[in-house]
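The chain contents come next:
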Amino acid sequence: MRPTRWWETAAVYQVYPRSFGDADGDGVGDLEGIRQHLDYLEWLGVDALWISPFYRSPMKDFGYDVADYTDVDPLFGDLAAFDRLLAEAHARGLRLIVDFVPNHTSDQHAWFVDSRRSRTSSKRDWYVWRDPKADGSPPNNWISVFGGSAWAWDEETRQFYLHSFLAEQPDLDWRNPQVKAAMFAVLRFWLDRGVDGFRIDVAQFVAKDPALRDNPPNPHPERMRHMGDWSRQLHLYDHGHPDVHGIYREFRALLDSYPGDRVSIGELHHEQFEVWAGYYGRNLDEIHLPFNFHLLFSDWDATSVRCVVDAIEAALPAGAWPNWVLGNHDQPRLASRVGEAQARVAMMLLLTLRGTPTIYYGDELALPNAEIRPYQVRDPWGLVEPGQGRDRARSPMPWDGTPNAGFTAPDSEPWLPFAPGRETHNVAAQRDDLGSMLAMTRRLIRLRREHSALAEGVHRSLEGMPDGTFCFVRSATGDGSAPAVLVALNMTSEPRQVPINRGSGRVLEATHAHRIGSTVDTAALELGPDEALVVELEGS
Ligand code: NOJ
């Protein structure tokens, strides 16, 4: 099926607003700072930005604790600054996707303040309040994603309320039609303002077991080690109840009632590919792009990566459009996870696979994790569960080689330290260097748009490739005039020779720039250590 909607051929770029550009010099990024860097995003060639939350918030979870869904936090600017950013992005042909945080509000949100006031408050049942068990303990054994019980005791009204994340992030009760109506009004507010879509925070949490049954223990907690305390249980009942699909069908109908193909991207974690794929909807009538995190959590070797790619291709419902992501504000940086040399291979993979890629800001510079000393920890998860902190992936964007890297005023203190190596890992240093990660990323974004085999072609993984290599072919389904493209990835630090076919090909793109434009013998294609090539196959 050929792509017809803008987001199918788009490259999405995630901006963490605290860390992209600080126009007012307080050390924290803001909307005006993003606006000032639109030139860069246009130069890079991405099609859409997704901005993590910038709404009014006490910032306990840096904006994922929303106190007012329809206003901008003064730290980031105001609604006028948002409108300017949106208008200017649109004028440059860039789409703008905002974050929608449906599962929980801040405890400072007027709804919760009211709800907490008394058991008879009109907003009491907008949240999940329950009596303690007879022994005074919480209503069930659910644990917060950030560790500890998911229930907080309210002394005044002598009941517990549910919080799947921080106690300052009480869960809304989506089974209450008033909650749904209020949250859909929030969506309309931003759609009317002109946003091009939403990224939905922890999308499957909005539907829980109505009986609030206990979760069973997890027999293999080591498989979910990265989740800390939360790995103790199998999360059968605290999210992902089948009723979730009805909610997203309604959500989708609302989006579809607006012109312009507004897009929904859902944050959906599920180890089982089929369950994850279920969020497209039985009739592709739920979430357009359930975020596909499977590469992000895959071991970084050719066999594992190939398994993920093939399994996703196989699990996709007919007509569903794939998407891929390698980094975000919750996970360690790509370059630290796979190493800098493999980060290039990974970027090539991300931008040549079939489907919509999302690039996390700074990954195009191969930014490593920032080194966060204990006194610099800002992330609430890192404060509650030492070691779980996500600050290292949220360091300020380095724009140039000046003392504060052009992120904030030279005499300001950035809210988090920069990642190491910013003398070379900054935009100014890499921009005109053909061999840089940034230049390669930019060329790949353009190539995938311009070459119809990459933009819309089918995917075929090649069999029988040597250990440590992953090779696939993309070929256009259109009128057949565009040649097929081979992507050959060496995921080891040793040279490899891959036998593809008898012909030859022309290197369109390479992790090592000197190979671009060369003609290669595809009967015995030589790949250097950590090298990856995009080759246009002759006579294909
Ligand atoms: C997922 C977000 O990506 C993360 O940053 C946040 O802490 C939780 N949802 C809670 O909203």
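Above this text sits the structure in question.
Residues numbered from 1 in each chain as written. Predicted model: local features only at pLDDT ≥ 70, side-chain atom pairs only at ≥ 80, totals over all residues. Heavy atoms only, no water.

(A) Representation of the overall build of the chain in the model. Counting its secondary structure elements, the chain contains 14 helices and 21 strands. A compact globule built from 540 residues would reach a C-alpha radius of gyration of about 24 Å, and the chain, at 24 Å, matches this within 12%. Taken along its principal axes, the extent of the C-alpha atoms in the chain is 75 × 50 × 45 Å. Burial statistics for the chain: of 540 residues in total, 60% are counted as buried. Pairs at least 24 apart in sequence give 68% of the contacts found in the chain among residues at least 6 apart. Surface accessibility of the chain: about 20300 Å² in total, with carbon and sulfur atoms responsible for 50%. Seen as two clouds, the 54 positive and the 77 negative side-chain charges of the chain have centres 3 Å apart. (Helix = DSSP H or I, 4+ residues; strand = E, 2+ residues; numbered from the N terminus. Rg over C-alpha atoms; globule rule 2.2 N^0.38 Å. Buried < 20%, exposed > 50% of the residue type's maximum accessible area, 1.4 Å probe, protein only. Contact = heavy atoms within 4.5 Å. Areas by Shrake-Rupley, 256 points an atom, 1.4 Å probe, with all protein chains shown as cover. Lys, Arg positive; Asp, Glu negative; His and termini not counted. Charge placed at Lys NZ, Arg CZ, Asp CG, Glu CD.)

(B) Main features of the packing of helix α3 (residues 79-91) against helix α5 (residues 177-193). Between α3 and α5, whose axes approach to 11 Å, the crossing angle comes to 50°. Between α3 and α5, the angle falls in the class oblique. For the pair formed by α3 and α5, the contact residues are L79, F82, D83 and L86 on the first element and F189, W190 and R193 on the second. Its residues assigned to classes, the contact of α3 with α5 shows 5 nonpolar, no polar and 2 charged. (Axes fitted to C-alpha atoms, helices over the stretch in contact; angles between N-to-C directions. Parallel < 35°, antiparallel > 145°, perpendicular 65-115°, else oblique. Nonpolar A, V, L, I, M, F, W, Y, C, P; charged D, E, K, R; others polar.)

(C) Local environment of the sheet that holds strand β16 (residues 485-490). Judged by pairing direction, the sheet is antiparallel, and its 6 strands sit side by side in the order β14-β15-β16-β21-β18-β19 without closing on themselves. Lying at the two open borders of the sheet, with one neighbouring strand each, are β14 (458-461) and β19 (519-521). Sheet twist, expressed as the mean angle between neighbouring strand axes with direction ignored, is 35°. In the sheet, β14 pairs with strand β15 (residues 469-475) via 4 bridges, with the strands oriented antiparallel. Paired with R460 across the two strands is V473, which belongs to β15. Helix-sheet contacts for helix α10 (residues 340-352) involve β15, β16, β18 (504-510) and β21 (532-537), and the interaxial angle to β16 is about 155°. Relative to β18, helix α13 (residues 437-450) is tilted by about 125°, and along the sheet it contacts β18 and β21. (Pairing = 2+ DSSP bridges.)

(D) Region of interest: the site of the ligand. For the ligand, the set of nearby residues contains 13 residues, the closest of which are D61, H104, D201, H329 and D330. D330 has a polar side-chain atom sitting 2.5 Å from an oxygen atom of the ligand. R390 places a polar side-chain atom, nitrogen or oxygen, 3.0 Å from an oxygen atom of the ligand. Across the complex, the protein chains shield 97% of the 300 Å² of accessible surface that the ligand would expose by itself. Looking at the shell around the ligand residue by residue, the class counts come to 4 nonpolar, 2 polar and 7 charged. (Near = heavy atom within 4 Å. Polar contact = N/O pair within 3.5 Å; in protein donor to acceptor, adjacent residues only side chain to side chain.)

(E) Expanded view of the packing of aromatic side chains. Applying the stated rule across the entire model yields 34 aromatic pairs. With centroids separated by 4.9 Å and ring planes inclined at 65°, the aromatic side chains of F112 and Y161 adopt a geometry described as edge-to-face. Separated by 49 residues along the polypeptide, F112 in helix α4 (residues 110-117) and Y161 in strand β8 (residues 159-162) bring together distant segments of the chain. What makes F112 buried here is its relative accessible area of 0%. Of the residues examined, Y161 reaches a relative accessible area of 4% and is grouped as buried. Considering the side-chain rings of W276 and Y280, the 5.8 Å spacing of their centres and the 85° angle between planes classify their relative orientation as edge-to-face. Given a relative accessible area of 1%, W276 falls into the buried group. Ring pairing ties together the aromatic residues Y13, F20, Y40, W43, Y360, Y361 and W399, which thus form one cluster. (Phe/Tyr/Trp six-rings, centres within 6.5 Å; stacked < 30°, edge-to-face > 60°.)

(F) Looking closely at unusual backbone geometry. The backbone of R158 sits at a positive phi, close to 55°, despite the residue not being glycine. Tracing the sequence through the fold places R158 in the loop between β7 (151-154) and β8. Exposure remark for R158: the relative accessible area of 45% places this residue in the partly exposed category. Non-glycine residue L284 carries a positive phi angle of around 50°. Position of L284 among the secondary structure elements: in the loop between α7 (273-277) and β11 (289-290).

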